[in-house]
2 protein chains.
Amino acid sequence: MKLTFKQDAILNGINIVLKAVPSKTTMSILECIFIDASGSEIKLTANDMELGIETKVEGTILERGKIALEAKLLSEIVRKLSSSGDSMVTIESDEKFTTTISCDNSIFHIQGRDGEEFAYLPYIERDHYICLSQFSLKEVIRQTIFSIAPNDSNKMMTGELFQVTGNQLKVVSLDGHRISIRNIELKDTYRDIKVIVPGKTLNEISKILGGDNEKEVLIFFSTNHILFEFDHTIVVSRLIEGDYFRIDQMLSSDYETKVSVNKKELLDCLDRATILVRENDKKPLIINIEDQEMELRMNSSFGSMNAQVPTHKTGSDIMIGFNPKFLIDALRIIDDEEVTIYMLNPKSPCFIRDEEGKYIYLILPVNFNAASV
Amino acid sequence: MKLTFKQDAILNGINIVLKAVPSKTTMSILECIFIDASGSEIKLTANDMELGIETKVEGTILERGKIALEAKLLSEIVRKLSSSGDSMVTIESDEKFTTTISCDNSIFHIQGRDGEEFAYLPYIERDHYICLSQFSLKEVIRQTIFSIAPNDSNKMMTGELFQVTGNQLKVVSLDGHRISIRNIELKDTYRDIKVIVPGKTLNEISKILGGDNEKEVLIFFSTNHILFEFDHTIVVSRLIEGDYFRIDQMLSSDYETKVSVNKKELLDCLDRATILVRENDKKPLIINIEDQEMELRMNSSFGSMNAQVPTHKTGSDIMIGFNPKFLIDALRIIDDEEVTIYMLNPKSPCFIRDEEGKYIYLILPVNFNAASV
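As a convention, each chain's residues are numbered from 1 in the sequence order in which they are written. Chain A is the first chain written and ligand 1 is the first ligand written, with later ones labelled in order. Two thresholds apply to this predicted model, a pLDDT of at least 70 for residue-level local features and 80 or more for giving and counting side-chain atom pairs, whereas whole-chain, interface and lining totals are computed over all residues. Side-chain measures were taken over the full set of non-hydrogen atoms in the model, leaving aside hydrogen atoms and water.

Caption draft 1: Broad picture of the UniProt feature "domain: DNA polymerase III beta sliding clamp C-terminal" (unreviewed entry) in chain A. UniProt positions are given in the numbering used here, feature names are shortened, and annotations may be inferred rather than shown by experiment. UniProt records the feature "domain: DNA polymerase III beta sliding clamp C-terminal" (unreviewed entry) for residues 251-365 of chain A in the present numbering. Runs of E in the DSSP output that reach at least two residues are strands. Runs of H or I that reach at least four are helices, and both are numbered from the N terminus. A distance of 15 Å separates the end C-alpha atoms of residues 251-365 of chain A, which is 19% helix and 46% strand.

Caption draft 2: Highlighting the relation of the copies chain B and chain A. Residues below a pLDDT of 70 in either copy are left out; the C-alpha atoms of the rest, at least 70 in both, set the least-squares superposition of the copies. Once turned by 180° and shifted 0.0 Å along the axis, chain B lies on chain A with an RMSD of 0.0 Å. The two molecules are tied by a two-fold rotation axis, judged by turn and shift. For chain B, the smallest separation between a C-alpha atom and the rotation axis is recorded for Ser23(B), amounting to 16 Å. By the convention used here, residues are in contact when the closest approach between their heavy atoms is within 4.5 Å. A symmetric contact is evident, with 100% of the interface residues of chain B recurring at the interface of chain A.

Caption draft 3: Quick look at the packing of aromatic side chains. Each Phe, Tyr or Trp ring, with Trp reduced to its six-membered ring, pairs with another whose centre is within 6.5 Å; inter-plane angles below 30 degrees give stacked pairs, above 60 give edge-to-face pairs, and intermediate values give tilted ones. Scanning all chains against the criterion turns up 16 aromatic pairs over all chains. Geometrically, the ring pair formed by Tyr129(A) and Tyr190(A) is edge-to-face, given 5.7 Å between the ring centres and 70° between the ring planes. Here the residue Tyr129(A) occupies a position in strand E11 (residues 129-133), and Tyr190(A) occupies one in strand E13 (residues 178-198), the gap between them amounting to 61 residues. Tyr190(A) sits in the buried class, given a relative accessible area of 12%. With 5.8 Å between their ring centres and 35° between their planes, Tyr129(B) and Phe220(B) make a pair best called tilted. Of the two residues, Tyr129(B) is situated in strand E11 (residues 129-133) and Phe220(B) in strand E14 (residues 216-221); the sequence distance between them amounts to 91 residues. We call a residue buried when its accessible area falls under 20% of the maximum for its residue type, exposed when it is over 50%, and partly exposed in between, using a 1.4 Å probe and counting protein chains only. With a relative accessible area of 35%, Tyr129(B) lands in the partly exposed category. Classification of Phe220(B) as buried rests on a relative accessible area of 6%. Grouping aromatic residues by their ring pairs yields a cluster made of Phe34(A), Phe118(A) and Tyr120(A).

Caption draft 4: Quick look at the sheet that holds strand E4 (residues 51-57) of chain B. Residue and element names in this part refer to chain B. Read across the sheet, 9 strands follow the order E10-E6-E2-E3-E4-E16-E15-E14-E11 without closing on themselves; strand pairing throughout is antiparallel. Edge positions in the open sheet fall to strand E10 (113-114) and E11, since each of these has one partner strand only. Of the pairings in the sheet, the one linking strand E3 (residues 42-47) to E4 comprises 6 bridges and is antiparallel in character. Bridging from a neighbouring strand, Thr 45 pairs with Glu 54 of E4. On the sheet, helix H1 (residues 7-18) packs against strand E2 (32-37), E3, E4 and strand E16 (233-238) and is oriented at approximately 170° with respect to E4. Against the sheet, helix H3 (residues 134-142) makes contact with E11, E14 and strand E15 (225-230), and its axis sits at roughly 90° relative to E11, the strand it touches most. What makes two strands pair is DSSP finding at least two bridges between them. Comment: axis = line fitted to C-alpha atoms, over the contacting stretch for helices; angle = value between 0 and 180 degrees taken between N-to-C directions.

Caption draft 5: The arrangement of the nonpolar core in detail. What we call a nonpolar core is a set of buried Ala, Val, Leu, Ile, Met, Phe, Trp, Tyr and Cys residues that are connected through their side-chain atoms within 4.5 Å. Ranked by internal contacts, the top residues of the largest apolar core, which has 101 residues, are Leu296(A), Ile352(A), Ile35(B), Ile91(B), Ile130(B) and Phe228(B). Sequence-distant contacts of Leu296(A), that is, excluding residues within four places in its chain, are made with Leu266(A), Cys269(A), Leu270(A), Leu285(A), Ile286(A), Ile287(A), Met305(A), Asn306(A), Ala307(A) and Val309(A). In this structure, Ile10(A), Ile141(A), Leu169(A) and Met294(B) belong to the second largest nonpolar core, which totals 100 residues.

Caption draft 6: Main features of the pairing of strand E7 (residues 88-93) of chain A. Residue and element names in this part refer to chain A. Across 5 bridges, strand E1 (residues 2-6) lies against E7 in antiparallel orientation. What sits directly across from Lys 2, in E7, is Glu 92. Taken together, the 4 bridges between E7 and strand E8 (residues 98-103) define a ladder with antiparallel strand orientation. The partner of Ser 93 across the bridge, within E8, is Thr 99. From the end of E7 to the start of E8, which pair antiparallel, there are 4 residues, and Phe 97 there has a positive phi angle of about 70°.

This is the structure in C-alpha cells:
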C-alpha cells in the first residue's frame, strides 16, 4: 500500500476517527486506526465495538492496500511531521506490515498490523431515517447532555431518548433529580421512532459535528443501532435496550408561582452561593420569593450568603430549596436573556420553560429545615 | 475595621499575595491573607515562612483595623461578587472577627481571625542591593528556571545562583545533567554578591512581575534573605545556605565541531523524535554530523525516525547522543533564529552559546551503542 495526502487532510481524518478509539481495552487491535485503500477511496475507521467512526480522506492511492496502525502513534507522528499543514505525507506499508511515514526531511518506520484483523462497522439498512441540520443536532445535544447520569448504576439514565412523532423530534435526558427536554421541529414528517442513544456517542458526535446550519446530518435507525451520516463521515453506535422512563406523567402545567428573572443575574448569584459549598456538601440554596424580589440564601460551615435578584412575579409567595448546581447547569445552556420559572409548592418540582415549549427543564427541590433559614 | 475598594483593585492585590499562600500547611493561620489597615494604607500579606509577599491596595479606610481571612474563600468571594470589576466591595469586621463582604445586592458573612496571630515578614536592611528592569528579571528567570532540579535530593540544585560582579549579573541553574547560564549587564556597578535563591521563589515572582521594560525591580540582599521590591509589592524569601557549585571549571571553550542551525527546524525534528520515547525511557537521540548535514536518529520499541537538518559546520564530523528533552528545553527558551552548538567529542558536554556570552547552555551527552545505530 502506498498513499499520499496533504498533512491537513489526513490529520483531520485521524482526529475524527480518534473519538472512537478506546482509551483502555484488552483487544489491542481496537487501539488501531484502520486505513482502507483497497478500493478507489481512502477510508479511516476506528471502532470500540460500541461506537464506530468511518471517514473518507482525500489523497492519492499510488498502490492499493490496507493496514491497521496504532492510533496514538499515528496521530502524533502525522501531527508533528510538519508545521505547515500543506506538506505532503506519504504512508507506505510492505507485505510484513512494516510502515513508513514520511514528509519533507523526516521519515518514520513503525510496525503496523494486518487490516484483516480489524472489525468492520456493522451493516445498517438505510430506510428508516430523519434529517436535520448539524447545528440543530449539536445544539440539542449540548442542551440536554448535562443531565444524563454520570455512572452506570441505571444504564438507561446514561443515554438520551430520541423520539420522533410526525415532524417533531423530542430529546430527553434525566438523572433522577432533574429532566431536560428539547423539542425541535423537523422540515419533513417521518415514521415514528423511539430509541435510547448512549450519552458517550452523543458527546463524541457533538465534538465532530461542524455546527453548520447549512449542512445536514442524516440519522438512520435500525433495531439495535443508530447511524449518523454527515460530511464524509459516518458514526455508528449501539442503542441502549429497553423502554425509556414515562416522563409525561411527571410533567404538569399546574403552578402557583411564576417568576421571570434576568438569566445572567440569577446565574451570577448562584455561582456566588456555590463558593460556600464543597463537593458532596448537600447544603441547599434557599430561594425566597416575596413580592417582586427573589432572595437567595446559602448557609454552610464556611459562612453565609444573601443576595437579591429583581423578578417579575405572578401568583403566590414561596420559599423553596434547591441544589444550586442543578439550577446552574440548566441556566448555563439556556440562551434566552430572561427565563421563566414555574413553581407549585416547596415539595414539587420547578419547571424552567419557554412559552413555545422548545425547552423544559424540570428540577426537584430539596428539603430544608425552615427553622435554620 | 471597615474598608471599601474597587473590585479590580482588591482582586489584583489578592492574586499577588495568593502566590505565597501554602497549599498544604499544619499552621492554619498561614492559609490566611492578612489585611492590615491599622495605619494609613491598606496592605495585604501572605507568608508561608519561606516566601512572604506584601502588597498595597488602593481603597478607602472607613475604620482602621486588621483581620486575617482564609485566602481561598476570600479570593473566590471577591472574584465572583460582581462581573463588572468597577463595583465597590466593602469588607467590614467586628470585634469577634466576624467579617462581612458585600457588593451590589450580595452579602457574605465569614469568620475571620485575629490579625495579631499572623507572622509578620522578616525585617531586611536595605543597604545592599541591585536594580534591573522587571522585563530583564522575568526573562532571566524564564531562561534558566527549567534546569533546576525538580526535587530536594540536593537542596542547592533546587535554587539558582545570583552572582553580581561589578556591573555584571550572572544567573546559573543546574541539575547534574546540564547547566544554564545567563549573563546580563546592569546599568550601575554594585558590591559583589553571591547568593542562592530558591527556585520556588523565582517561579512565583515571575508570575507577579509585569514584564515591563520601563519599570524597575530593586533586589535587596541580607545574610539569609532576599527582598524584591517593585510596583506596590515586596517579596521576601529565605536564601538557600551553602556555597554553590564551582561551575567555571566545567566551562571550556575548546571544541572540535561548531555547527550553526536554524533553531525552529532543529526543535521541530527533536519534537518529532520524542514521539517514539515514553517517560522514563532512556533512549538517546543520535546526532550525526557529516559535511554540512545534521542527521537525527531515534530508535525505540515504538519504531524509528530519521530526520535531516541542514547546518553550517566548521571542524570535524561527529556522532553524539543526547537526551532529546534537554536539547528541547534549552532551544525553546532561546529567542535567536539561528543557534550555534560547540562539541569536543562524544563524551564531553556540548555548549549552546551566543557570541556575546549572554547565554550558555551546557548539556552532557549520553552513551550509545554505536553498533545499534
